[in-house]
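Given next are the chains, with one letter for each unit.
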Amino acid sequence: MSFVTDTTSDLDARGTKGDALDQDANLEEVEDGDDAGEGEGDGDATPAAAGGNGRAAADLFRESEIAADYVEGLLDILDYDGDIDELVVSGRPVVEVVEGGDGSGRRLQALVGQRGATLEALQELSRLAVFRQTGSPSRLLLDVGGYRALRRKELGAIAKNAAEKVKEYGEAVRLEPMSAFERKCVHDVINALPGVESESEGVEPARRIVVRPVA
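Residues numbered from 1 in each chain as written. Predicted model: local features only at pLDDT ≥ 70, side-chain atom pairs only at ≥ 80, totals over all residues. Heavy atoms only, no water.

J.: What's the story with the overall build of the protein in this structure? I'm lost.
T.: The secondary structure content of the protein amounts to six helices and seven strands. Written out in order from the N terminus, the α and β elements of the protein read β-α-α-β-β-α-α-β-α-β-α-β-β. Residues counted as buried form 45% of the 215 residues belonging to the protein. Carbon together with sulfur atoms contributes 51% to the accessible area of the protein, which is approximately 10200 Å² in total. (Helix = DSSP H or I, 4+ residues; strand = E, 2+ residues; numbered from the N terminus. Buried < 20%, exposed > 50% of the residue type's maximum accessible area, 1.4 Å probe, protein only. Areas by Shrake-Rupley, 256 points an atom, 1.4 Å probe, with all protein chains shown as cover.)

Here it is in structure tokens:
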């Protein structure tokens with residue numbers, strides 16, 4: 001198990017357009033996150049800084065340690081081989097599970113599931129494990145095999161395509177239902193594009209994003 005702290009990524013980047021992140025941000029922030037954007041640590045490793053919510057870096061790293069122990073125990077039960085990295089990224093605890101041996105990558109994909117459904121469930125269980133030991137809600141982000149980074153790229157393309165259609169036809173585009181993490185990724189992309197805005201509508205698990213022209 002390796003130990004890294006990273007505070008340079010844009011994991012928790014926020015948009016500025018109205019309520020675009022609305023309740024989605026609450027899911028991952030409990031966080032967001034996701035809704036805000038769940039993301040991965042992709043910056044250079046540096047000493048952890050104090051968390052954005054006023055929580056000490058040591059407390060945040062402790063959350064990642066607790067979650068990593070929980071995930072490690074799960075991997076042992078499943079007899080899955082994987083290396084676990086514990087990080088603090090942009091004031092948020094992160095646990096990443098990466099390939100640890102021959103053929104482990106394919107087996108780890110079972111922890112991701114269809115469109116990340118299993119990964120989201122494991123993340124909630126990991127957050128619960130943290131809560132049981134600390135008594136505080138956690139914004140922990142769990143990733144397996146780099147899934148979130150890959151999915152972020154896919155969602156970026158989906159968001160840009162929707163924005164182009166909105167600009168071309170002048171009508172709102174409703175995307176398929178997405179998880180809080182996926183919605184956050186789309187909101188981030190739309191927020192950076194001129195002439196369009198986004199908001200979430202509906203309730204889980206059918207909550208989706210609507211992209212429309214700026215009024």
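J.: For this particular structure, what's the right way to read empty space enclosed by the protein?
T.: Over the atoms rolls a probe the size of a water molecule, and in doing so it shows where empty space is left. In this model, the largest cavity occupies a volume close to 40 Å³. When contributions to the lining of the largest cavity are tallied by element, the ones reaching two or more residues are helix H2 (57-78), helix H4 (117-134) and strand E4 (141-144). Looking at the lining of the largest cavity element by element, the count peaks at three residues for H2. Taken together, the residues of the lining of the largest cavity break down into eight nonpolar, one polar and no charged. (1 Å grid on protein atoms, 1.4 Å probe; cavity = no way out; pocket = protein on both sides within 12 Å on 5 of 7 lines; lining within 4 Å. Points joined across faces, edges and corners; volume = space filled by probe spheres on them. Nonpolar A, V, L, I, M, F, W, Y, C, P; charged D, E, K, R; others polar.)

J.: What am I meant to see in the packing of H2 against H4 here?
T.: Describing two packed helices takes the angle between their axes plus the distance from one axis to the other. As a packed pair, H2 and H4 sit with axes 9 Å apart at the nearest point and diverge in direction by 125°. Between H2 and H4, the crossing angle belongs to the class labelled oblique. Judged by the twist between their axes, the crossing of H2 over H4 is right-handed. Packed against H2, whose contacting residues are Arg62, Glu63, Ile66, Ala67, Tyr70, Val71 and Leu74, the element H4 presents Leu122, Leu125, Ser126, Ala129, Val130, Gln133 and Thr134 at the interface. Among the residues making up the contact of H2 with H4, the classes are represented as nine nonpolar, three polar and two charged. (Axes fitted to C-alpha atoms, helices over the stretch in contact; angles between N-to-C directions. Parallel < 35°, antiparallel > 145°, perpendicular 65-115°, else oblique. Left-handed = near helix turned anticlockwise from the far one by under 90°. Contact = heavy atoms within 4.5 Å.)

J.: Is there a simple way to think about the pairing of E4 in this case?
T.: Each regular strand displays side chains that alternate between the two surfaces of the sheet. Residue alternation in E4 divides its side chains into two sets, Leu141 and Asp143 and Leu142 and Val144, and both sets are buried. Where strand E3 (residues 92-99) lies against E4, four bridges are found, and the strand directions are parallel. What sits directly across from Val95, in E4, is Leu142. (Pairing = 2+ DSSP bridges.)

J.: Where do I start with helix H6 (residues 180-191) in this structure?
T.: Each full turn of the α-helix corresponds to 3.6 residues, which orients residues three or four apart in the same direction. The end-to-end C-alpha separation of H6 is 16 Å, in line with the 16 Å expected for twelve residues at 1.5 Å each. The buried fraction of H6 is high, at eleven of twelve residues. Taken together, the buried positions of H6 are Ala180, Phe181, Glu182, Arg183, Lys184, Cys185, Val186, His187, Val189, Ile190 and Asn191. (Expected span 1.5 Å × (residues − 1).)

J.: Any chance you could explain the pairing of E3 here in plain terms?
T.: When you tally the buried positions in E3, you get six out of eight residues, the bulk of the element. Pairing between strand E2 (residues 82-89) and E3: eight bridges, direction antiparallel. Looking at the pairing, Val89 lines up with Arg92 of E3.

J.: Could you clarify how one ought to interpret unusual backbone geometry in this entry?
T.: Residue Pro205 is reached from Glu204 by a cis peptide bond, and omega for that bond is 0°. Residue position: Pro205 is located in the loop between strand E6 (196-201) and strand E7 (208-213). With phi around 50°, Ser90 is a residue other than glycine that occupies positive phi space. Its location among the elements puts Ser90 in the loop between E2 and E3.

J.: Would you mind going over the environment of Gly156 with me for this structure?
T.: Counting through the fold element by element, Gly156 comes out in helix H5 (residues 147-169). Owing to a relative accessible area of 11%, Gly156 belongs among the buried residues under this scheme. Placed 26 residues apart in sequence, Gly156 and Glu182 show a C-alpha to C-alpha distance of 9.7 Å.

J.: When you look at the packing of aromatic side chains in this model, what are you seeing that I'm missing?
T.: Within a pair of aromatic rings, the relevant descriptors are the distance that separates the centres and the angle that separates the planes. Taken as a whole and judged by the stated rule, the model has zero aromatic pairs. Directly above the aromatic system of Phe181 lies the positively charged group of Arg148, at a separation of 4.7 Å from the ring centroid. (Phe/Tyr/Trp six-rings, centres within 6.5 Å; stacked < 30°, edge-to-face > 60°. Lys NZ or Arg CZ within 6 Å of the ring centre and 35° of its normal.)

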